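Examination of the molecular architecture
For reference, the chains in residue letters:
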Amino acid sequence: MPRPTREQIEDEILETAATLFARHGFKETSIQRVADAVGYSKTGLLHRFPSKEALQRAVIDRAVGEVRAIAAAAAELPPGRARDRVVITGVARLALDRPGAVALVLSGLMNAPDSEFATVLDDIGQLVFGAFGIDDPDCAAAADPMRILRITGALGALAVTSVALHDKPYPAALDDIVTVSCDALGHGRAQID
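Cut-off values and rules
- Residues numbered from 1 in each chain as written.
- Predicted model: local features only at pLDDT ≥ 70, side-chain atom pairs only at ≥ 80, totals over all residues.
- Heavy atoms only, no water.
- Helix = DSSP H or I, 4+ residues; strand = E, 2+ residues; numbered from the N terminus.
- Buried < 20%, exposed > 50% of the residue type's maximum accessible area, 1.4 Å probe, protein only.
- Contact = heavy atoms within 4.5 Å.
- Areas by Shrake-Rupley, 256 points an atom, 1.4 Å probe, with all protein chains shown as cover.
- Core = buried A, V, L, I, M, F, W, Y, C linked by side-chain atoms within 4.5 Å.
- Phe/Tyr/Trp six-rings, centres within 6.5 Å; stacked < 30°, edge-to-face > 60°.
- Lys NZ or Arg CZ within 6 Å of the ring centre and 35° of its normal.
- Axes fitted to C-alpha atoms, helices over the stretch in contact; angles between N-to-C directions.
- Parallel < 35°, antiparallel > 145°, perpendicular 65-115°, else oblique.
- Left-handed = near helix turned anticlockwise from the far one by under 90°.
- Salt bridge = Lys/Arg side-chain N within 4 Å of Asp/Glu carboxyl O.
- Arc of directions from axis to C-beta.
- Nonpolar A, V, L, I, M, F, W, Y, C, P; charged D, E, K, R; others polar.

Counting secondary structure elements, the protein chain contains 10 helices and zero strands. Start at the N end of the protein chain and walk to the C end: the helices and strands fall as α-α-α-α-α-α-α-α-α-α. Per-residue burial for the protein chain yields a buried fraction of 41% across its 193 residues. A separation of at least 24 residues holds for 66% of the contacts in the protein chain among residues at least 6 apart in sequence. Entry remark: accessible area of the protein chain is about 10700 Å², with carbon and sulfur atoms responsible for 56%.

Another point: the nonpolar core. Within soluble globular proteins, side chains that are nonpolar generally end up buried alongside one another. If you look at the biggest cluster of nonpolar residues, it comprises 30 residues, and the most contacted ones within it are Val87, Ile88, Ile124, Phe132, Leu155 and Leu158. Elements represented by at least two residues in this core include exactly helix H4 (52-74), helix H5 (81-97), helix H7 (118-131), helix H8 (145-165) and helix H9 (174-184). Counting residues per element, this core draws most heavily on H4, at seven residues. Discounting residues that sit within four places of it in the chain, Phe132 has contacts with Pro79, Arg83, Asp84, Val87, Ile88, Arg147, Ile151, Leu155 and Leu185. With 19 residues, the next largest nonpolar core counts Ile9, Val34, Ala58 and Leu104 among its residues.

All right, on to the side chain of Arg62 then. Inspection of the secondary structure puts Arg62 in helix H4. Relative accessible area serves as the criterion here: at 15%, Arg62 is assigned to the buried category.

Another aspect to go through is the packing of aromatic side chains. Tallied over the full model, the rule gives one aromatic pair. Lying across the ring of Phe26, Lys52 places its NZ or CZ 4.6 Å from the centre.

Here we come to the packing of H4 against H5. Each pair of packed helices can be described by the angle between their axes along with the distance between the axes. Between H4 and H5, the shortest axis-to-axis distance is 9 Å and the interhelical angle comes to 160°. Classed by the angle they form, the pair H4 and H5 counts as roughly antiparallel. In the packing of H4 onto H5, the handedness of the crossing is right-handed. Residue-level inspection shows Glu66, Val67, Ile70, Ala73 and Ala74 of H4 in contact with H5, the latter providing Arg83, Val86, Val87, Gly90, Val91 and Leu94.

Moving on to the pattern of salt bridges. Side-chain pairing between opposite charges can occur once the charged atoms of the two side chains come close. Across all of its chains, the model carries eight salt bridges by this definition. The partner of Arg62 in a salt bridge is Asp11, and the shortest N-O contact between them spans 3.1 Å. Of this pair, Arg62 sits in helix H4 while Asp11 sits in helix H1 (residues 6-24), and the two are 51 residues apart along the sequence. For Asp11, a relative accessible area of 23% translates into the label partly exposed.

What follows deals with helix H2 (residues 31-38). Residues of H2 that are buried: Ile31, Val34, Ala35 and Val38. Taken end-on, H2 shows its buried residues confined to a sector of 100°, consistent with a single buried face. Taken together, the buried residues of H2 touch H1, helix H3 (42-48) and H4. Positive phi shows up at Gly39, right after H2, with a value of about 80°.

Here we take up the environment of Asp61. Mapped onto the elements, Asp61 comes out in helix H4. Note on Asp61: relative accessible area 42%, which makes it partly exposed. Along the backbone, Asp61 and Val120 are 59 residues apart, and their C-alpha atoms lie at a distance of 9.4 Å.

Viewed as axis vectors pointing N to C, H1 and H4 meet at an angle of 100°, and their least axial separation amounts to 9 Å. Classified by the angle their axes make, H1 and H4 are roughly perpendicular. Counting all contacts with H1, which are made through Asp11, Ile13, Leu14, Glu15, Ala17, Ala18 and Phe21, the residues of H4 involved are Leu55, Gln56, Ala58, Val59 and Arg62. Considered class by class, the residues forming the contact of H1 with H4 number eight nonpolar, one polar and three charged.

Structure representation (structure tokens):
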């Protein structure tokens, strides 16, 4: 069996840390707990991430970077069906590939505005909503309260669905999650395919 690459090891550590931070909070998640969960020694983990704060920063930076990539993929398209589908597909892929990061974001939404993740969530939220073009001054529908509500509902349903189905024997297909999320945006199946 081939040895995992450095990137694969770091992905496993970051995803596990995100899951544990979501479940137990940053203060209650020790480096030892993360090391035990991934099957590495505390010393080995500290060699890659010299402190718990460095590990938290890496988890956050990865999530922000992935959301920025989704936003960049959609940036060339005008607000509307095609752009929405690009964003929803990117977020669905992220949610299926990184359920720990999504769980972290969802857990942060349950915390008070001055919680440890409030600033991060605000940054990620602005990036995601910006990817849909809601800040586009040339689009009258961009700031429509109903559109903002539909985007929020679609993202919430997508996140909960992908996290809930991640380890189940009946995982939803990416296309199914995208279709349902686009339906929630009000596009309808015939109009987006």
